[in-house]
Amino acid sequence: MSAQPPYSPGLFIDGAWVEPDGGRHPVVDPATEEVVGWAPEASRAQVYAAAGAAREAFGAWARTAPEERAAVLARAAVVIREHLPEYAELAQAETGATTATARGMQVAVAAARFRRYARVEPAERALPPQINEAGPMGKAAVLGALAVRQPVGVVACITSYNNPWANPAGKIAPALAMGNTVVVKPAPQDPLSVYRMAEALAAAGVPPGVVNVVSGTGVEVGEAAVDCADVDMVSFTGSTAVGQRIAEVCGRSMKRQLMELGGKGAALVFDDADVREAVAGIGTTFSFYSGQICTAPTRVLAQRGIYGRVVEELAAYARRLPVGDPRAPRTVVGPVISAAHRERVEAYVELGRKEGAVVVAGGERPPYERGFYVAPTLLADCTNDMRVAREEIFGPVVVVVPFDEEDEGVALANDSDYGLIDYVWSGDVARAFRVARRLRAGGVGINTVGRNMEAPFGGFKRSGVGRDVGSYALEAYSEVQALVWPG
């Protein structure tokens, strides 16, 4: 990024770049602590203007043929792929992601999501006909019926900092495919990539007002996006605490919600598991986004017979991961997003020590003069009532809790406020599936941390409301209308 002038966009409202009322704030590279760009600070009035533009554009966009909307999304995917190196460079500078992650898991995934929703799917589903006898409601008749998906309207998309490409694309693409218009409010730590995405969408032919982007560091920007009368739905990814506040506001005006909130993924490792495979999967908590991901298997429940081996191999795995400059080819673990977040993660590690956990790997700040680095850390001999085992740390920290019998393991896994994604490792496939069905989580990985990108994604309990991904996202961003007629 040093060879380029800092990126300093305006707000993107009604197809135009608008000077922000609140000036701009610096966006800092978590690896170098240098300013890489300046993000605009919207006023409440500008957020309302963005929502008003989206409302004005909604009617025409909703009436546009699905094939035409799909063509715009397909072109957006092409534009993003064409600019992948420069977009990934910016994403890396904003987030501290490794080069492989910025390219393959951020920008490339965003392009794939626009391409996915460029596939037109039927919006109508025929229902079985019904024979009605003559009566107070009329004469005897055979009634046909259709269930038709209709767009919700204006969607406020409030996105998380851990993936400024894939996360917004996962909201914008299905919302637009269904005929909605959007106001996107990116995270204040790394909003610049979302403005690049707006540029790509404009180049792809998205009409003015269909996509709007506003940003800011103050809570009033997000609050305005949620409470605005022109907004019909809020799609939020972030912490459970913020999600609860958004839900309260939405409830007062009956706005639709899609909430992807926190997680404390339990990974049950049974005595008959392939421990190396389990360790490799759990180890992604240390490396993938430096643990800043809600789906990470951060709470390992290891059966007593292999508990010691799991701890030993996880510790060895954590110690050999190269930590440092995310631009270096060998680096696996880059920095966390900010100095404040590094302090938060470190405070949890210290809390674990005080609660009686044993730090068997990590626990010390890596010796770099600049950058917000946290060493991959493993806490063993934990109990499920410790705060480090119950609260989302959102960093490269894994806790290990022993259990004896299957029922105990399931009970420990379900003894959590969260229920996003859990994991089961066992050589007995029948048991693995049996246990998976007993877990109170929106998804369960069986002998894998991989994701099927057509499978529904969302959480039980305090991990969220609703489901997206694949065709489920089209349902999430639509209302269902029933059409009934005499056959």
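Residues numbered from 1 in each chain as written. Predicted model: local features only at pLDDT ≥ 70, side-chain atom pairs only at ≥ 80, totals over all residues. Heavy atoms only, no water.

Caption draft 1: Here's a closer look at the pairing of strand β5 (residues 124-132). Of all nine residues making up β5, only zero are buried, and the element is barely covered by its neighbours. Two strands pair when backbone bridges link them, and β5 and strand β6 (residues 141-151) are joined in this way by seven bridges, in the antiparallel orientation. Counted as the bridge partner of R125 is A147 from β6. (Buried < 20%, exposed > 50% of the residue type's maximum accessible area, 1.4 Å probe, protein only. Helix = DSSP H or I, 4+ residues; strand = E, 2+ residues; numbered from the N terminus. Pairing = 2+ DSSP bridges.)

Caption draft 2: Layout of unusual backbone geometry. Backbone geometry places E33, a non-glycine residue, at a positive phi of 65°. As for its placement among the helices and strands, E33 is situated in the loop between β3 (24-28) and β4 (35-40). In the Ramachandran plot, N447 falls in the positive-phi region, its phi being about 60° despite a non-glycine side chain. Tracing the backbone through its elements, the reader meets N447 in the loop between β19 (443-446) and β20 (460-461).

Caption draft 3: Seen up close, the side chain of T298. Along the chain, T298 falls in the loop between α10 (284-287) and β13 (299-303). For T298, a relative accessible area of 12% translates into the label buried. Setting aside chain neighbours within four positions, we find T298 in contact with K264, G265, T285, V397, V398 and V399. (Contact = heavy atoms within 4.5 Å.)

Caption draft 4: Looking closely at the sheet that holds β5. Spatially, the three strands line up as an open sheet ordered β5-β6-β22, and their pairing is antiparallel. Strands at the two margins of the open sheet, each flanked by one partner only, are β5 and β22 (478-486). Shown here is a sheet whose adjacent strand axes are inclined to one another by a mean of 20°, direction ignored. In this structure, β6 lies alongside β22, joined through nine bridges in antiparallel fashion. (Axes fitted to C-alpha atoms, helices over the stretch in contact; angles between N-to-C directions.)

Caption draft 5: Representation of the sheet that holds strand β14 (residues 358-361) within the structure. Spatially, seven strands are ordered β14-β15-β16-β13-β12-β18-β19 in an open sheet, and the strand pairing comes out mixed. Across the chains shown, the open sheet's two edge strands, defined by having one partner strand only, are β14 and β19. Sheet twist, expressed as the average angle between the axes of neighbouring strands with direction ignored, equals 25°. Where strand β12 (residues 266-269) and strand β18 (residues 421-425) come together, three bridges link them in parallel fashion. Each residue of the ladder has a partner; that of L268, found in β18, is V424. Sheet strands touched by helix α11 (residues 304-319): β12, β13, β14, β15 (377-380) and β16 (397-403). Its angle to β13, the strand with the most contacts, is close to 140°.

Caption draft 6: Representation of helix α2 (residues 66-82) in the model. Compared with the 24 Å implied by 1.5 Å per residue over 17 residues, the 25 Å span of α2 between its first and last C-alpha is a close match. Looking at α2, one finds that the buried residues are R69, A70, V72, L73, A76, A77, V79 and I80. If you follow the buried residues of α2, they end up packed against α1 (44-63), α3 (84-95), α4 (99-116), α5 (166-177) and α6 (192-203). (Expected span 1.5 Å × (residues − 1).)

Caption draft 7: Region of interest: the nonpolar core. Ranked by internal contacts, the top residues of the largest apolar core, which has 85 residues, are F114, I172, V182, V214 and V234. Grouped together as the second largest cluster of nonpolar side chains are 39 residues, A278, V310, V311 and L314 included. (Core = buried A, V, L, I, M, F, W, Y, C linked by side-chain atoms within 4.5 Å.)

Caption draft 8: Structural context of the packing of aromatic side chains. Tallied over the entire structure, the rule returns eight aromatic pairs. Note on F12 and W17: the rings are 4.7 Å apart at their centroids and 50° apart in plane angle, and the pair reads as tilted. The class of W17 is partly exposed, set by a relative accessible area of 39%. Aromatic side chains F270 and F403 sit 5.5 Å apart centroid to centroid with 85° between the ring planes, which places their arrangement in the edge-to-face category. In this pair, F270 sits in the loop between β12 and α9 (275-282) while F403 sits in strand β16, placing the two residues 133 residues apart along the sequence. Per residue, the accessibility class of F270 equals that of F403, and both read buried. Here a set of aromatic residues connected by ring pairs shows up, and it is made of F12, W17 and Y195. The ring centre of Y117 lies 4.9 Å from the NZ or CZ of R116, which sits over that ring. Between R196 and the ring centre of Y7, over which it is positioned, the NZ or CZ distance is 3.7 Å. (Phe/Tyr/Trp six-rings, centres within 6.5 Å; stacked < 30°, edge-to-face > 60°. Lys NZ or Arg CZ within 6 Å of the ring centre and 35° of its normal.)

Caption draft 9: Broad picture of the pattern of salt bridges. In total, this model carries 23 salt bridges according to the counting rule given. When the shortest N-O distance is used, the salt bridge between R119 and E454 registers 3.9 Å. One end of the pair, R119, is in the loop between α4 and β5; the other, E454, is in the loop between β19 and β20, and 335 residues separate them in sequence. R196 is the salt-bridge partner of E199, the closest N and O atoms lying 3.0 Å from each other. (Salt bridge = Lys/Arg side-chain N within 4 Å of Asp/Glu carboxyl O.)

Caption draft 10: Main features of the packing of α9 against α11. Orientation of α9 relative to α11, taken along the N-to-C sense of each, is 50°, at an axis distance of 10 Å. Between α9 and α11, the angle is such that the two are oblique. The chirality of how α9 crosses α11 is right-handed. Mapping the contact onto sequence places V275, R276, V279, A280 and I282 in α9 and I306, R309, V310, E313, L314 and Y317 in α11. Per-class residue counts for the contact of α9 with α11 are eight nonpolar, no polar and three charged. (Parallel < 35°, antiparallel > 145°, perpendicular 65-115°, else oblique. Left-handed = near helix turned anticlockwise from the far one by under 90°. Nonpolar A, V, L, I, M, F, W, Y, C, P; charged D, E, K, R; others polar.)

Caption draft 11: Highlighting the environment of A173. Relative to the helices and strands, A173 is located in helix α5. On a C-alpha basis, the gap between A173 and L73 in space is 7.0 Å, while along the polypeptide they are 100 residues apart. Other than its neighbours up to four places away in sequence, A173 contacts L73, R113, F114 and Y117.

Caption draft 12: How the structure looks around the packing of α4 against α5. As a packed pair, α4 and α5 sit with axes 8 Å apart at the nearest point and diverge in direction by 10°. Taken as axis vectors, α4 and α5 run roughly parallel relative to one another. Residues M105, Q106, V109, A110, R113 and F114 of α4 touch α5, and the partners they reach there are A166, N167, A169, G170, I172 and A173. Here the contact of α4 with α5 is built from residues that sort into eight nonpolar, three polar and one charged.

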